[in-house]
Amino acid sequence: MSLKKKRQKKKNPVNLLPIRQIGDKILRQKAEPVNEITEEIIEFIQDLLFTMYETDGVGLAAPQVGRSQRIFIVDIEFNDSGERDPIVFINPVITESDGVFSQQEGCLSLPGVFETVKRSKRIAITGLDINGEPISFEASEFAAAVIQHEYDHLNGILFTDRLSKLKLIPLKKKLKELASSTDENGNNLRQDD
Ligand code: NI
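Cut-offs and rules
- Residues numbered from 1 in each chain as written.
- Predicted model: local features only at pLDDT ≥ 70, side-chain atom pairs only at ≥ 80, totals over all residues.
- Heavy atoms only, no water.
- Phe/Tyr/Trp six-rings, centres within 6.5 Å; stacked < 30°, edge-to-face > 60°.
- Helix = DSSP H or I, 4+ residues; strand = E, 2+ residues; numbered from the N terminus.
- Lys NZ or Arg CZ within 6 Å of the ring centre and 35° of its normal.
- Donors = N, O, S within 2.8 Å, 3.2 Å for Na, K, Ca; no water.
- Buried < 20%, exposed > 50% of the residue type's maximum accessible area, 1.4 Å probe, protein only.
- Salt bridge = Lys/Arg side-chain N within 4 Å of Asp/Glu carboxyl O.
- Expected span 1.5 Å × (residues − 1).
- 1 Å grid on protein atoms, 1.4 Å probe; cavity = no way out; pocket = protein on both sides within 12 Å on 5 of 7 lines; lining within 4 Å.
- Points joined across faces, edges and corners; volume = space filled by probe spheres on them.
- Nonpolar A, V, L, I, M, F, W, Y, C, P; charged D, E, K, R; others polar.
- Contact = heavy atoms within 4.5 Å.

A.B. asks: If you had to explain the packing of aromatic side chains to someone new, which residues and values would you point to?
C.D. replies: Here the structure, examined in full by the defined rule, presents 2 aromatic pairs. Judged by centre distance (5.0 Å) and plane angle (40°), the rings of Phe-72 and Phe-89 are tilted. With a gap of 17 residues between them, Phe-72 in strand S2 (residues 71–74) and Phe-89 in strand S3 (residues 87–98) connect regions that are remote in the sequence. Here a set of aromatic residues connected by ring pairs shows up, and it is made of Phe-72, Phe-89 and Phe-137. The ring of Phe-44 has Arg-67 sitting right over it, with the charged end atom 4.5 Å from the ring centre.

A.B. asks: Run through the coordination of the nickel ion, naming residues and quoting values.
C.D. replies: On the protein side, the nickel ion has Cys-107 (SG), His-149 (NE2) and His-153 (NE2) as donor atoms, found 2.1 to 2.2 Å from it. Overall, Cys-107 belongs to the buried group, its relative accessible area being 10%.

A.B. asks: Hey, could you go over the pattern of salt bridges for me, with residue numbers and the actual values?
C.D. replies: Scanning all chains against the criterion turns up 9 salt bridges. In this structure, the salt-bridge partner of Lys-121 is Glu-141, at a minimum N-O distance of 3.8 Å. Pair noted here: Lys-121 is in the loop between strand S5 (115–119) and strand S6 (122–128) and Glu-141 is in helix H2 (residues 141–153), with a separation of 20 residues, a long-range link. Ionic pairing is found between Asp-152 and Arg-162, a salt bridge with its closest N-O pair at 2.7 Å. Pair noted here: Asp-152 is in helix H2 and Arg-162 is in the loop between H2 and helix H3 (165–168), with a separation of 10 residues, a long-range link. Assessed through its relative accessible area of 6%, Asp-152 is described here as buried. In this structure, a network of salt bridges that share partners links the residues Glu-105, Arg-119, Asp-152 and Arg-162.

A.B. asks: Kindly report on H2, identifying the contributing residues and their values.
C.D. replies: In a regular helix each residue adds 1.5 Å, so 13 residues correspond to 18 Å; H2 covers 19 Å between its end C-alpha atoms and thus fits that length. Among the 13 residues of H2, 11 are classified as buried, and the element is accordingly described as predominantly covered. Among the residues of H2, those classed as buried are Ala-143, Ala-144, Ala-145, Val-146, Ile-147, Gln-148, His-149, Glu-150, Tyr-151, Asp-152 and His-153.

A.B. asks: Break down the layout of surface pockets for me, with residues and values.
C.D. replies: The volume enclosed by the second largest pocket comes to roughly 360 Å³. Counting only elements with at least two residues in the lining of the second largest pocket, the list comes to strand S4 (101–105) and H2. The element best represented in the lining of the second largest pocket is H2, accounting for 5 residues. A per-class count over the lining of the second largest pocket returns 9 nonpolar, 9 polar and 3 charged.

A.B. asks: Describe in detail the side chain of Gln-64, supporting the description with residues and values.
C.D. replies: Here Gln-64 shows up in the loop between strand S1 (59–61) and S2. We classify Gln-64 as buried; its relative accessible area is 1%. Sequence-distant contacts of Gln-64, that is, excluding residues within four places in its chain, are made with Pro-18, Ile-19, Arg-20, Leu-27, Cys-107, Leu-108, Ser-109, Glu-150 and His-153.

So, in C-alpha cells, the structure goes:
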C-alpha cells in the first residue's frame, strides 16, 4: 500500500509534504548540491517551511520529504522575540566546531524515538539563503545541535547513528518496528494507514 501521492501542480497554495521515515533509503543518501535556485525550489522551500510548522518541528531537511538536495530549514528562535524566524540553508557547510554539548533529540523521521545526543557545543556554518545570497552563522548549544542534526540529514546520518551502543540497545526494537513499517522506497506498509 502506498501513501505516496503525486504532487499536484498548484501554483500558490503551500503543500503539506509527507515525512519519510527510517527504512526509506532516501534518508541514507548523501544529498546533491543545489545548482540553481529556481522558482520551483523556492516553492519547494515554502512547502518545507509549512510542513515544519504543521508538524511542530524545529528543523526539517529536504531528504526527509523525499528530495535528495542540500537544503534544510531551522526555526530555533535565536532571539527571545517569540516570533517565527526561520533560516533557510542551501548548500550549507559547517566550517568550525568545538566543545561538547548534550541534549535530548528527536526526529520527525523517527517518531517516538528520543535520546540524548552528544554534539559540538559551538559551530560556524555558511551557505546560501533562499535568494542565493551567502549567509554565515555562529550557533551554540541548542541552536548548534539543531543545525548539526539537520546537516547530518544531508549526509544520510540519523541522530541514532550518533548514540553509543549502550544507548542504542533499548531503542533497537522501536527502530526495527519503524523501519519495517516503511519499505526502502518510502511506501508505508502499515495496515492501519
Ligand atoms: Ni531529523
